[in-house]
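Letter by letter, the chains look like this.
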Amino acid sequence: MTEPLALRRIRVVLSRPSHPGNIGAAARAMKTMGLHQLVLVSPKEFPSAEATARASGATDVLEKARVVDSLEEALAGTVMAAAFTSRIREMCAAPRWASEASGELLSFAEQGDVAIVFGNETFGLSNEEVMLCQRAVTIPANPAYASLNLGSAVQVIAYELRRTALEGRLAPLPQALGEVAPHEDVERLIAHFERAMIASGFLDPEKPRRLIPRLRRLFGRAAVEREEVAILRGMLASFEPKVDRNTRDF
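Everything numeric here is computed off the predicted structure, so don't read it as measured data.

K.L.:
How should I be thinking about the pairing of strand 7 (residues 135-138) in this particular structure?
P.N.:
Of the two faces of strand 7, both are covered, the one formed by Arg-135 and Val-137 as well as the one formed by Ala-136 and Thr-138. Two elements, strand 4 (residues 78-84) and strand 7, share three bridges in a ladder whose sense is parallel. Of the residues in strand 7, the one forming a bridge with Phe-84 is Val-137. Across two bridges, strand 5 (residues 96-97) lies against strand 7 in parallel orientation.

K.L.:
What exactly am I supposed to notice about the pattern of salt bridges here?
P.N.:
Between side chains of opposite charge, pairing is possible as soon as their charged atoms come close. In total, this model carries eleven salt bridges according to the counting rule given. Ionic pairing is found between Glu-129 and Arg-16, a salt bridge with its closest N-O pair at 2.7 Å. A residue pair is termed long-range when its members are at least 10 positions apart, and Glu-129 in helix 6 (residues 127-131) and Arg-16 in the loop between strand 1 (10-15) and helix 1 (20-32) qualify at 113 residues. By relative accessible area, which is 11% here, Glu-129 ends up buried. Ionic pairing is found between Arg-216 and Glu-187, a salt bridge with its closest N-O pair at 2.8 Å. Of this pair, Arg-216 sits in helix 9 (residues 211-222) while Glu-187 sits in helix 8 (residues 183-200), and the two are 29 residues apart along the sequence.

K.L.:
So what exactly am I meant to see when it comes to the nonpolar core here?
P.N.:
Soluble, globular proteins show a tendency: their nonpolar side chains are buried together. Ranked by size, the top nonpolar core spans 43 residues in total, and within it Val-12, Leu-14, Leu-38, Ile-116, Phe-118 and Val-154 carry the most contacts. With seven residues, helix 7 (residues 150-167) is the largest single contributor of residues to this core. Val-154 has contacts with Val-12, Leu-14, Ala-26, Ala-29, Met-30 and Phe-118, leaving out every residue within four places of it along the chain.

K.L.:
Explanation requested: the packing of aromatic side chains in the structure shown.
P.N.:
For any two aromatic rings, the description comes down to two numbers: the centre-to-centre distance and the angle of the planes. With the rule as written, the count across this model stands at two aromatic pairs. When the centroid spacing of 4.7 Å and the interplanar angle of 20° are considered together, the rings of Phe-84 and Phe-118 count as stacked. Here Phe-84, found in strand 4, pairs with Phe-118, found in strand 6 (residues 113-118); they are 34 residues apart in sequence, far enough to count as distant. For the ring pair Phe-193 and Phe-219, a centre distance of 5.8 Å and an interplane angle of 40° mean the geometry is tilted. Of the two residues, Phe-193 is situated in helix 8 and Phe-219 in helix 9; the sequence distance between them amounts to 26 residues. Like Phe-193, the residue Phe-219 is buried in the burial classification.

K.L.:
Would you take a moment to explain the sheet that holds strand 2 (residues 37-41) for this structure?
P.N.:
To summarise the sheet geometry, strands pair through backbone hydrogen bonds and adopt either a parallel or an antiparallel arrangement. If you trace the seven strands from one edge of the open sheet to the other, you get 3-2-1-6-4-7-5, paired in parallel fashion. The sheet is open, and its two borders are formed by strand 3 (66-68) and strand 5, each paired with just one other strand. Here helix 1 sits on the sheet in contact with strand 1 and strand 2, set at roughly 160° to strand 2. Helix 7 contacts strand 1, strand 4 and strand 6 of the sheet and is inclined by roughly 150° relative to strand 6.

K.L.:
Could you clarify how one ought to interpret helix 9 in this entry?
P.N.:
Residues spaced three or four apart along an α-helix point in a common direction, a consequence of the helix completing one turn every 3.6 residues. Compared with the 16 Å implied by 1.5 Å per residue over twelve residues, the 16 Å span of helix 9 between its first and last C-alpha is a close match. Within helix 9 the residues assigned to the buried category are Leu-211, Ile-212, Leu-215, Phe-219 and Gly-220. Around the axis of helix 9, the buried residues are gathered within 165° of arc, so they sit on the same side. Against the buried residues of helix 9 lie strand 7, helix 8 and helix 10 (226-239). Ala-223 sits one or two positions beyond helix 9 and adopts a positive phi of about 50°.

How each quantity is defined
Residues numbered from 1 in each chain as written. Predicted model: local features only at pLDDT ≥ 70, side-chain atom pairs only at ≥ 80, totals over all residues. Heavy atoms only, no water. Buried < 20%, exposed > 50% of the residue type's maximum accessible area, 1.4 Å probe, protein only. Helix = DSSP H or I, 4+ residues; strand = E, 2+ residues; numbered from the N terminus. Pairing = 2+ DSSP bridges. Salt bridge = Lys/Arg side-chain N within 4 Å of Asp/Glu carboxyl O. Core = buried A, V, L, I, M, F, W, Y, C linked by side-chain atoms within 4.5 Å. Contact = heavy atoms within 4.5 Å. Phe/Tyr/Trp six-rings, centres within 6.5 Å; stacked < 30°, edge-to-face > 60°. Axes fitted to C-alpha atoms, helices over the stretch in contact; angles between N-to-C directions. Expected span 1.5 Å × (residues − 1). Arc of directions from axis to C-beta.

Written out as structure tokens, the structure is:
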């Protein structure tokens, strides 16, 4: 059976994992389903003999794992990121079942790397981390006891992605997309909007009124292209005041 190429572009991100055994269990779940990219954000302990033991032969996934200091760094270069969460978060996209989201994630994987992001075993993802992702995904666990082990959660979405890829059930994207802007380009666009709005007086940094989270949600939902980011940043630059450096009051 030919391995679906889209699966090679799925990046599993574990943010602040506290138990090295869960890192190994996640690596095993990934390799079983044909996923190979593992990124760890500030793990409490890694490398670890316990992680290697729990990986049960998926040591190549652990050996190639990248360790970074922030979720922003982990998402660099991705064209889509999905946060796994068991609860609805304010100002974030409404979560979809893992089985429903897998087709869209694989469709974006044809454009570039797609991240599926999991939080700490005890606290999960913070609201700020969820808002860095364009999609929210959940697993339909028992609402009376929705405590799913990290390795098991990775196994569930890895299975859904593999099943969807093998069945060829990629979801049609809203339009014929050009080159989707990577995460860091969109974040620079949002930062540019923030600077411009503060400079114009439209945004009071002391009373931000959730404008930035709403912009992030808007651009995440739109899946903006590189060219669109360039147009918007050029437009913002044209609106910004032209300051004569020779007369600037330092």
